[in-house]
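Below are the chains, spelled out letter by letter.
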Amino acid sequence: MELKDWRSLPIGSVVTQPGSSAETETGSWRTSRPVIDFSQCTHCMICWIFCPDSAFTVEKGKLTGVDYDHCKGCAICVVECPKKCIVMVDEPRL
Amino acid sequence: MARQVRAGSVRIQARGNAVALSGGEAVAYAMRQIDPDVVAVYPITPQTVIVEAFSESVAEGKVGTEMIHVESEHAALSACIGAAAAGARAHTATSGPGLALMWEVLGVASGMRLPIVMHLCTRALSAPINIMCDHSDAMAMRDLGWVMLFGENPQEAYDQALIVQRVAEHRDVLLPSVNVIDGFTVTHSVEGVEVLPDEVVASFVGTYSPLYSLLDPQRRVTFGALDPNEYYYEHKRQQIEAMKNALPVVAATLQEFGELTGRHYNLVEEYRTEDAEVVLVVMGSTAGTVRIAVDNLREDGVRAGVVRVRCFRPFPAEEVAQALRRAKLVGVLDRSLSLGAPGSSLYLEVMAALSQRMLSPYLVNVVHGLGGRNTPVRIIKEAFSQLRLMGLEEQRREPILYLGVRE
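Residues numbered from 1 in each chain as written. Chains lettered and ligands numbered in written order. Predicted model: local features only at pLDDT ≥ 70, side-chain atom pairs only at ≥ 80, totals over all residues.

Some words on the overall build of chain B
Where we set the bar: Every helix listed is a DSSP run of H or I at least four residues long, and every strand listed is a run of E at least two residues long, numbered separately from the N terminus. As defined in this context, the radius of gyration uses C-alpha atoms, and a globule is described by 2.2 Å times the residue total to the power 0.38. Any residue whose C-beta has 12 or fewer other C-beta atoms within 10 Å is treated as exposed, any with 20 or more as buried, and any in between as partly exposed, C-beta atoms being built from the backbone. Here contacts are defined at the residue level, using C-beta atoms placed from the backbone and a cut-off of 7 Å between them.
Helices and strands together make up the secondary structure of chain B, namely 13 helices and 17 strands. For a compact globule of 407 residues, the expected C-alpha radius of gyration is about 22 Å, and chain B comes in at 21 Å, within 12% of that figure. Along the first, second and third principal axes, the C-alpha set of chain B runs to 70 × 55 × 40 Å. Split into buried and exposed, the 407 residues of chain B put 52% on the buried side. Sequence-distant contacts in chain B: of pairs separated by 6 or more residues, those separated by 24 or more amount to 79%.

Right, here's the structure in full:
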């Protein structure tokens, strides 16, 4: 993505286009990431509902994975998952 | 003497409308005339005069303002930020510890480029707890992106309230702006204040049309989103430009106000400096005392002068240096401390302005008036005589003079 100079940006860091966060990677400071064990997942979507960064990807009503460009590693999904099939894995181990 | 001046299409009688008002009441009078959409305040001495007087206007239905009584100063400015982001004209007022509690959101207001107007009635920061005037509160907001004008008396408290409104909302500026007036000395002193007719104020401040508004469904925007490392610096660069733009805008607004009212103000105001050898630089209500001291000294043949800084942010470095270019001895009066620094705020900035232009008068920091310590003419004359002694005898030189403290 091309980075604009200061004259070309709206002032006050106002965002004029919706969905701009999709273009900006905000997962770079994550220290550990959620990994889903799909053999136990029931696709209840509790993780998708609770995720504060909308980082769970879904296709045709089924959970497909995690968008690691936006997941910040907060682990709310790990706490909320009723099947306990999401675990946090340290980034350096990946 | 009355004279006719033009205010837009309205012709007015500019003089002879004096009303007995305290500085705080004068600000409230201006606020009633400006009729802001939102005023969010938390009462604190010595700002309370403004809140009391303005809330009467609200109760009597003289303004359309939504006045929000919030739970803290942090909430007061936060409410103003929300209102301004929605496109409203918002005001707040505070003092000392109240301003300190606003600190986090002071930077939010300027970073979001919201032209909020604040009336700051200066008060010493705790501890020890003290309700009287000094500039330790104002100096703590100097780096946060607010335009800052320092007034001297109730008349200027009124006038600057109108002036900062215009400066803040100027399209080349769009920065929050603060009308700084000294607690008690100005806020609680009653003087004859020449007020403008309501319609002239309405014409002078105009109507505010925000660049972006949260309530504009045709142009939907997000305020206050995360600004990652790829963008934060560029947005700060925009603020640098806005501050740079603010200097000519303040100057032009002061000039326009002068033409309208006959009250001519400048970024920096000189008094008897044309041949002055020894000059004191001052901000706020002490300026009048220094002028009287200068008049007294001139009678004794001392070539003394005053340079008064009205606009502190943006700092008019060129104008300050120009005003001091002939002086041999300069004392900079600071009414605050910058503990551990080589001098207080105004002193260091005057020094930088001179140094950048290769000017090097003998420069002393004169700290005075902390926590409301009275600064009579006698004390100012003492500062002048100490400065002159330092000029004569090198071994007497000190970088900082603590005026009026019991040693």
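Observations concerning the overall build of chain A
What chain A contains, in helices and strands, is 2 helices and 4 strands. Here the C-alpha radius of gyration of chain A, 16 Å, is well above what a compact globule of 94 residues would show, namely 12 Å. Oriented by its inertia axes, the alpha-carbon framework of chain A measures out at about 50 × 30 × 20 Å. Going through the 94 residues of chain A one by one, you find that 16% of them count as buried. A fraction of 67% describes how many contacts in chain A between residues 6 or more apart in sequence connect residues 24 or more apart.

Considerations on the sheet that holds strand S17 (residues 400-402) of chain B
Residues and elements named next belong to chain B. Rules: DSSP-based pairing: two strands are paired if at least 2 bridges between them are found. The axes are straight lines fitted to the C-alpha atoms, using for helices just the contacting stretch, and the angles between their N-to-C directions are given from 0 to 180°.
Spatially, the 6 strands line up as an open sheet ordered S11-S13-S12-S15-S16-S17, and their pairing is mixed. Across the chains shown, the open sheet's two edge strands, defined by having one partner strand only, are strand S11 (268-271) and S17. Across this sheet, the average inter-strand angle for adjacent strands is 20 degrees, counted without regard to direction. With 3 bridges connecting them, strand S16 (residues 362-367) and S17 associate as parallel partners. The partner of Asn365 across the bridge, within S17, is Ile400.

Overview of unusual backbone geometry
Residue and element names in this part refer to chain B. Note the cis peptide between Ser126 and Ala127, where omega equals -5 degrees. Checked against the element boundaries, Ala127 lands in the loop between strand S7 (117-122) and helix H6 (136-139). Omega for the bond connecting Ala127 with Pro128 falls within 30 degrees of zero, at 0 degrees, which places this linkage in the cis form. By the secondary structure assignment, Pro128 is in the loop between S7 and H6.

Points about helix H9 (residues 232-261) of chain B
All names here are of chain B. We apply this condition: To estimate how far a helix should reach, multiply one less than its number of residues by 1.5 Å. The quantity called bend is, for any residue, the angle between two axes fitted respectively to the seven residues ending at it and the seven beginning at it.
With 30 residues, H9 extends 42 Å between its outermost C-alpha atoms, agreeing within 8% with the 44 Å of an ideal straight helix rising 1.5 Å per residue. A maximum bend of about 30 degrees is found in H9 at Ala246, where proline Pro248 lies one to four positions downstream. Within H9, the full set of buried residues consists of Gln239, Ala242, Ala246, Leu247, Val249, Val250, Thr253, Leu254, Phe257 and Thr261. Phi for Gly262, located one or two positions after H9, is positive at around 80 degrees.

Details of the sheet that holds S7 of chain B
Residues and elements named next belong to chain B. Spatially, the 7 strands line up as an open sheet ordered S5-S4-S6-S7-S9-S8-S14, and their pairing is mixed. A strand with exactly one partner marks an edge of an open sheet, and here the two such strands are strand S5 (66-69) and strand S14 (311-313). Taking the axes of each pair of neighbouring strands and ignoring which way they run, one obtains an average angle of 20 degrees across the sheet. Relative to S5, strand S4 (residues 38-41) is paired through 4 bridges, and the arrangement is parallel. Its bridge partner being in S5, Ala40 is matched across the sheet by Ile68.

Some thoughts on the domain arrangement of chain B
All names here are of chain B. Note the following rule: Boundaries between domains were set according to an automatic or database domain assignment.
Taken domain by domain, chain B consists of domain 1 (4-261) and domain 2 (268-402). For domain 1 versus domain 2, the distance between C-alpha centres works out to 28 Å. Listed as interface residues are 25 residues of domain 1 and, on the opposing side, 20 residues of domain 2. When residues of the side of domain 1 that touches domain 2 are traced back to their parent elements, those giving at least two are H6, strand S8 (147-150) and H9. Among the elements that make up the side of domain 1 that touches domain 2, the one with the highest residue count is H9 (5 residues).

A closer look at the nonpolar core
All names here are of chain B. What counts here: Residues of type Ala, Val, Leu, Ile, Met, Phe, Trp, Tyr and Cys that are buried and joined through C-beta atoms within 7 Å form what is called a nonpolar core.
Counting 129 residues, the largest nonpolar core has Cys80, Val147, Val279 and Val281 as its most contacted members. Two domains share this core, each providing at least three of its residues, namely domain 1 (4-261) and domain 2 (268-402). What Val147 contacts, discounting residues up to four positions off in sequence, is Val164, Val167, Ala168, Val173, Leu175, Ser177, Ala246, Val250 and Arg313.

Describing the packing of helix H10 (residues 286-299) of chain B against helix H13 (residues 377-392) of chain B
Residues and elements named next belong to chain B. Going by this rule: By definition, any crossing whose near helix is turned counterclockwise from its far helix by less than a right angle is left-handed, and any crossing with a clockwise turn is right-handed. Classification used: nonpolar for Ala, Val, Leu, Ile, Met, Phe, Trp, Tyr, Cys and Pro, charged for Asp, Glu, Lys and Arg, polar for all others including Gly.
Where H10 meets H13, the axes come as close as 9 Å, and the angle between the chain directions of the two elements is 65 degrees. Handedness of the crossing formed by H10 with H13: right-handed. Of the residues in H13, those in contact with Thr289, Val290, Ile292, Ala293, Asn296 and Leu297 of H10 are Val377, Ile380, Lys381 and Phe384. Counted by class, the contact of H10 with H13 contains 7 nonpolar, 2 polar and 1 charged residues.

Here's the deal with the packing of helix H7 (residues 154-169) of chain B against helix H8 (residues 198-205) of chain B
Residues and elements named next belong to chain B. Rules: Every angle not falling under 35 degrees, over 145, or within 65 to 115 is termed oblique; those three ranges are roughly parallel, roughly antiparallel and roughly perpendicular.
Contact geometry for H7 and H8: axes closest at 9 Å, N-to-C directions at 25 degrees. The orientation of H7 with respect to H8, classified from their angle, is roughly parallel. Facing H7, whose interface residues are Leu162, Gln165 and Arg166, H8 presents Val201, Phe204 and Val205. Residue composition of the contact of H7 with H8, grouped by class: 4 nonpolar, 1 polar and 1 charged.

So, the confidence of the model for chain B
Residue and element names in this part refer to chain B. Cut-off, in case you're wondering: In predicted models, pLDDT denotes the confidence assigned by the predictor to each residue on a 0 to 100 scale.
Mean pLDDT for chain B: 95, with 96% of residues reaching 70 or above. Within the model, pLDDT remains below 50 along residues 1-14, and this stretch shows 27 contacts once partners closer than five positions in the same chain are excluded. Interface confidence for the predicted complex, expressed as ipTM, amounts to 0.87; the pTM equals 0.93.

A look at helix H11 (residues 317-324) of chain B
Residue and element names in this part refer to chain B. Going by this rule: By arc we mean the arc of the directions from the helix axis to the C-beta atoms, nothing more.
What H11 keeps buried is the set Glu319, Val320, Ala323 and Leu324. The buried residues of H11 occupy an angular sector of 125 degrees when projected down its axis, which confines them to one face. Those residues of H11 hidden inside the fold are in contact with S11, strand S12 (278-282), strand S13 (304-309), strand S15 (329-334) and helix H12 (345-356).

Thoughts on the interface of chain A and chain B
Contact with chain A, which involves 12 residues of that partner, is made by 18 residues of chain B. Across the side of chain A that touches chain B, the residue classes tally to 6 nonpolar, 5 polar and 1 charged.

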